[in-house]
Amino acid sequence: MEQVRTLVGATARLYQRVSASVILTGAFVCLLYFLGYFLLNSTFATQAFDTSVNRMFRGKITWTRVSWGPLPWQIRILEPALLDARGRPVLTAKTLSVDDFRILDLFNNRIAADGITLDSPVIRLSSRLIEGVVDPMGQPRQVMNISEMFWPDGPLYDDGQPSRTSLAFTGINIRDAMFVLDTDKTAVIAHNLRLTDARFD
């Protein structure tokens, strides 16, 4: 009888220690999850993004709010926008949802995601002459705003090396899009465009 009492007591103590560890670990993970959520939507995150990413090119990437969950790789961005070098919108949307942002691919210099949905985007493409940019014949060249926005600040030098970062997006769905193309010789406006299950590599 004494052995049974000792066994029950030892089992109860083990159960208490294990359950306490599980509860503390769960509380810590939840705390990190909510801290990350609030940090991501703070002005600090926006400033950090501006200094680490937006400073690398002439344009700017902005958003109003980012949320994720219930799994960390499911992301929803409210009012994302791409702005050109003059601060004019190139792409705006109501929401951008990603079902599976492949976080581990970032360690291989690869940005990859599956199940991307863009709601009510407005895409405005325009071209202009930029001082110092010439074609192979030495004539001034028209440059599209979406190309110019990703150029680095300062003069352009092509070292012939491919980009170190690769992109891979699958399952792209675009709903209720508006497309505006404005160049010297062409003007196109299209409404209510849809794209289903596209990919970009």
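All values reported here derive from a predicted model rather than from experimental measurement.

Visitor: Looking at this structure, how should I read the overall build of the protein?
Guide: From N to C terminus, the protein includes 3 helices and 11 strands. Taken across its 201 residues, the protein has 25% of its residues classed as buried. Sequence separation of at least 24 residues holds for 49% of the intrachain contacts in the protein that already meet a minimum separation of 6. A total of about 14,300 Å² of accessible surface is found on the protein, and carbon and sulfur atoms cover 62% of it.

Visitor: I'm lost on the environment of F150 in this one. Help?
Guide: Its place among the elements puts F150 in the loop between α3 (145-148) and β10 (166-182). Take F150: its relative accessible area is 41%, and that puts it in the partly exposed class. It is 6.2 Å that separates the C-alpha atoms of F150 and G59, two residues lying 91 residues apart in sequence.

Visitor: Sorry, what's going on with the packing of aromatic side chains here?
Guide: Each pair of aromatic rings is reported with the distance of its centres and the angle of its planes. With the rule as written, the count across this model stands at 2 aromatic pairs. When the centroid spacing of 6.3 Å and the interplanar angle of 20 degrees are considered together, the rings of F169 and F200 count as stacked. Taken as a pair, F169 in strand β10 and F200 in strand β11 (residues 187-200) lie far apart in primary sequence, 31 residues in all.

Visitor: I tried to follow the pattern of salt bridges on my own but got confused; where do I start?
Guide: It is possible for side chains bearing opposite charge to pair when their charged atoms get close. In the structure shown here, the tally under the stated rule is 5 salt bridges. In this structure, the salt-bridge partner of R102 is D114, at a minimum N-O distance of 3.0 Å. Here R102, found in the loop between β6 (95-101) and β7 (110-119), pairs with D114, found in strand β7; they are 12 residues apart in sequence, far enough to count as distant. One salt bridge in this structure joins D119 and R175, with 2.7 Å as the shortest N-O distance. Taken together, the positions of D119 in strand β7 and R175 in strand β10 put the pair 56 residues apart, joining distant regions of the chain. One salt-bridge network, in which partners are shared between bridges, spans R102, D105, R110 and D114.

Visitor: In this structure, what is going on with the nonpolar core? I would like to understand it.
Guide: General note: in soluble globular proteins, nonpolar side chains tend to be found buried as a group. In this structure, I116 and I172 are the most contacted members of the largest nonpolar core, which totals 17 residues. Elements with a minimum of two residues in this core: β5 (89-92), β7, β8 (122-134) and β10. For this core, the element with the most residues is β10, which contributes 5 residues. Look past the residues within four positions of I116 in its chain and what remains in contact with it is L96, S97, V98, F169, T170, G171, I172 and N173.

Visitor: It is not clear to me how the confidence of the model for the protein should be interpreted in this structure. Could you clarify?
Guide: For any part of a model where pLDDT is low, the fine detail of the predicted coordinates should not be relied upon. Averaged over the protein, the pLDDT score is 81; the fraction of residues at 70 or greater is 86%. β5 holds the highest mean pLDDT among the elements of the protein, 94, whereas helix α1 (residues 2-40) holds the lowest, 71.

Visitor: What am I meant to see in unusual backbone geometry here?
Guide: Peptide bonds are mostly trans, and most non-glycine residues show a negative phi. Positive phi values are uncommon outside glycine, yet E79 reaches one of about 55 degrees. Structurally, E79 is set in the loop between β3 (75-78) and β4 (81-83). In this structure, S120 is a non-glycine residue whose phi angle is positive, near 50 degrees. Its relative accessible area of 22% is what places S120 among the partly exposed residues.

What counts and how
- Residues numbered from 1 in each chain as written.
- Predicted model: local features only at pLDDT ≥ 70, side-chain atom pairs only at ≥ 80, totals over all residues.
- Heavy atoms only, no water.
- Helix = DSSP H or I, 4+ residues; strand = E, 2+ residues; numbered from the N terminus.
- Buried < 20%, exposed > 50% of the residue type's maximum accessible area, 1.4 Å probe, protein only.
- Contact = heavy atoms within 4.5 Å.
- Areas by Shrake-Rupley, 256 points an atom, 1.4 Å probe, with all protein chains shown as cover.
- Phe/Tyr/Trp six-rings, centres within 6.5 Å; stacked < 30°, edge-to-face > 60°.
- Salt bridge = Lys/Arg side-chain N within 4 Å of Asp/Glu carboxyl O.
- Core = buried A, V, L, I, M, F, W, Y, C linked by side-chain atoms within 4.5 Å.
- pLDDT = per-residue confidence, 0-100.

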